[in-house]
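Chain and residue survey
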Amino acid sequence: MEAKKTEKADLGNKTGLFFSIGLLVTMSIVVMAFEYKKYDDGDFVDMSANTNNLEELLEIPPTEQPPPPPPKIKQPEIIEVPDEEEIEEEIEVDLDVDITEETVIEEIIVEDAPEEEVADQVFLIVEEPATPPGGYEAFYKYIGDNLKYPAQARRMGIEGRVYVQFVVDKDGSLTEVQAVKGIGAGCDEEAVRVIKGAPKWSPPKQRGKPVKQRIVVPIVFQLG
């Protein structure tokens, strides 16, 4: 005959309860293990022995440092000035000078200051600038009548401006002629040749005296 168990006597129904109780006990033990602190038995320090030393230190009066000595003040030197009467007695001026006919008075001759020589320099701007005969219109007409278009420049189709620089001397002659900016193909040399053959200009003047002046003129090369 098979033995029958009642539901109350069956321990399998309380397995979950027992598991929860065991888990709770285990967690409690783990938490207590972490929270447990052990203190070492250290030697207690007797502070009563140091109280006497503290009282002795408190009884020592504070030492006061003496103030620094005051700075030495240098006394000003006293210079004795003689009285005005003494000074007047020491200075003797003889104003009683007899001027007779025999006394010769030397004449003071003031020589004229030497005239400042104008240095032989070349000016860019002067009071009276140099001008070509008949004005610049006549000057450019001269250039147009005497200028020959170089064959090489004509063949290559070169056009442009050649800037020629020269110096108008004290006598009006044109010197130091050179092309400072050109276009090549023989145009620079032709422009210099025409300027060198130009007639004299009226000389430039500075303070009424002839000087030298540097001038730059453009010469246009254009194919017709």
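Residues numbered from 1 in each chain as written. Predicted model: local features only at pLDDT ≥ 70, side-chain atom pairs only at ≥ 80, totals over all residues. Heavy atoms only, no water.

**Some details on the side chain of D188**
Formally: By the criteria applied, helices consist of DSSP H or I runs no shorter than four residues and strands consist of E runs no shorter than two, each listed in order from the N terminus. Note on classification: 1.4 Å probe, protein chains only; a residue is buried when its accessible area is under 20% of the maximum for its type, exposed when over 50%, partly exposed between these limits. We treat Lys and Arg as the positive residues and Asp and Glu as the negative residues; His and chain ends play no part in the count. A pair is scored as a salt bridge if a Lys or Arg side-chain nitrogen falls within 4 Å of a carboxyl oxygen belonging to Asp or Glu. The definition of a polar contact used here is a pair of N or O atoms within 3.5 Å, where within protein one atom must be able to donate a hydrogen and the other to accept one, and adjacent residues in sequence count solely through side-chain atom pairs.
Structurally, D188 can be placed in helix 6 (residues 187-196). One buried charged residue, D188, remains without a salt bridge, the closest side chain of opposite sign being K181 at 11 Å. A distance of 3.0 Å separates a polar side-chain atom of D188 from the backbone nitrogen of I183.

**Details of the sheet that holds strand 2 (residues 160-168)**
Heads up, the condition is: Here a strand pair is declared whenever DSSP counts at least two bridges between the two strands. Any two residues whose heavy atoms approach within 4.5 Å at even a single point are treated as in contact. Note on definitions: angles span 0 to 180 degrees between N-to-C directions of axes, and those axes are lines fitted to C-alpha atoms, for helices only across the stretch in contact.
Ordered by their spatial adjacency, 4 strands build an open sheet running 1-6-2-3, and the pairing between neighbours is mixed. Edge positions in the sheet fall to strand 1 (122-123) and strand 3 (174-181), since each has one partner strand and no second. Bridge count for strand 2 against strand 6 (residues 212-221) is 9 bridges, and the pairing is antiparallel. Bridged to Q165 within strand 6 is V216. The strands touched by helix 6 are strand 2, strand 3 and strand 6; relative to strand 3, the strand with the most contacts, the crossing angle is about 160 degrees.

**Topic: the UniProt feature "transmembrane region" (unreviewed entry) in the protein chain**
Condition: UniProt positions are given in the numbering used here, feature names are shortened, and annotations may be inferred rather than shown by experiment.
Cross-referencing UniProt, the feature "transmembrane region" (unreviewed entry) maps to residues 16-34 in the present numbering. Helix and strand shares over residues 16-34 are 100% and 0% respectively, and the end C-alpha atoms of the span are 27 Å apart.

**Quick notes on the packing of helix 4 (residues 135-146) against helix 6**
This is how the line gets drawn: Oblique is the label for any angle not covered by the other classes, which are roughly parallel (under 35 degrees), roughly antiparallel (over 145) and roughly perpendicular (65 to 115). Throughout, a crossing is termed right-handed when the near helix is turned clockwise from the far one, and left-handed when it is turned anticlockwise from it by less than a right angle. For this classification, Asp, Glu, Lys and Arg are treated as charged, while Ala, Val, Leu, Ile, Met, Phe, Trp, Tyr, Cys and Pro are nonpolar and the rest, including Gly, are polar.
Taken N-terminus to C-terminus, the directions of helix 4 and helix 6 make an angle of 125 degrees; their axes are 10 Å apart at the nearest point. One way to sum up the angle between helix 4 and helix 6 is to call them oblique. In this structure, helix 4 meets helix 6 at a crossing whose hand is right-handed. Of helix 6, the residues touching helix 4 (which contributes F139, Y142, I143 and N146) are E190, R193, V194 and I195. For the contact of helix 4 with helix 6, the residue count by class is 5 nonpolar, 1 polar and 2 charged.

**Digging into the pairing of strand 3**
Bridge analysis of strand 2 against strand 3 gives 5 bridges, and the strand direction is antiparallel. Across the sheet, V164 pairs through a bridge with A179, a residue of strand 3. Where strand 2 hands over to strand 3, the hairpin turn is made up of 5 residues, of which G172 adopts a positive phi near 95 degrees.

**What about helix 6?**
Most of helix 6 is tucked away: 7 of the 10 residues are buried. Within the sequence span of helix 6, burial applies to C187, D188, E190, A191, V192, V194 and I195. Buried residues along helix 6 sit in contact with helix 4, helix 5 (151-156), strand 2, strand 3 and strand 6.

**Some thoughts on the side chain of K212**
Position of K212 relative to the elements: it lies in strand 6. Judged by relative accessible area, which is 18%, K212 ranks as buried. If we ignore the near neighbours within four places in the chain, the residues touching K212 are D120, Q121, V122, F123, V167, V168, D169, K170 and P204.

**Notes on helix 4**
Operational definition: A helix is expected to reach a length of 1.5 Å times the quantity of its residues less one. What the arc measures is the spread of directions leading from the helix axis to the C-beta atoms.
Under the 1.5 Å per step criterion, the end-to-end length of helix 4 is 17 Å for 12 residues, consistent within 8% with the ideal 16 Å. Those residues of helix 4 that sit buried are F139, Y142 and I143. For helix 4, the angular spread of buried residues about the axis comes to 100 degrees, placing them on one side. Every exposed residue of helix 4 that faces more than 90 degrees away from the buried side is listed here: E137, K141, G144 and D145. Against helix 6 and strand 6 lie the buried residues of helix 4.

**With respect to the pattern of salt bridges**
Tallied over the full model, the rule gives 4 salt bridges. One salt bridge in this structure joins K200 and D171, with 4.0 Å as the shortest N-O distance. Highlighted residues: K200 in the loop between helix 6 and strand 4 (205-206) and D171 in the loop between strand 2 and strand 3, separated in sequence by 29 residues. Given the relative accessible area of 52%, K200 is considered exposed. The salt bridge partner of R214 is E176, with a shortest N-O separation of 3.8 Å. Here E176 lies in strand 3 and R214 lies in strand 6, a separation of 38 residues in the sequence. For R214, a relative accessible area of 27% puts it in the partly exposed group.

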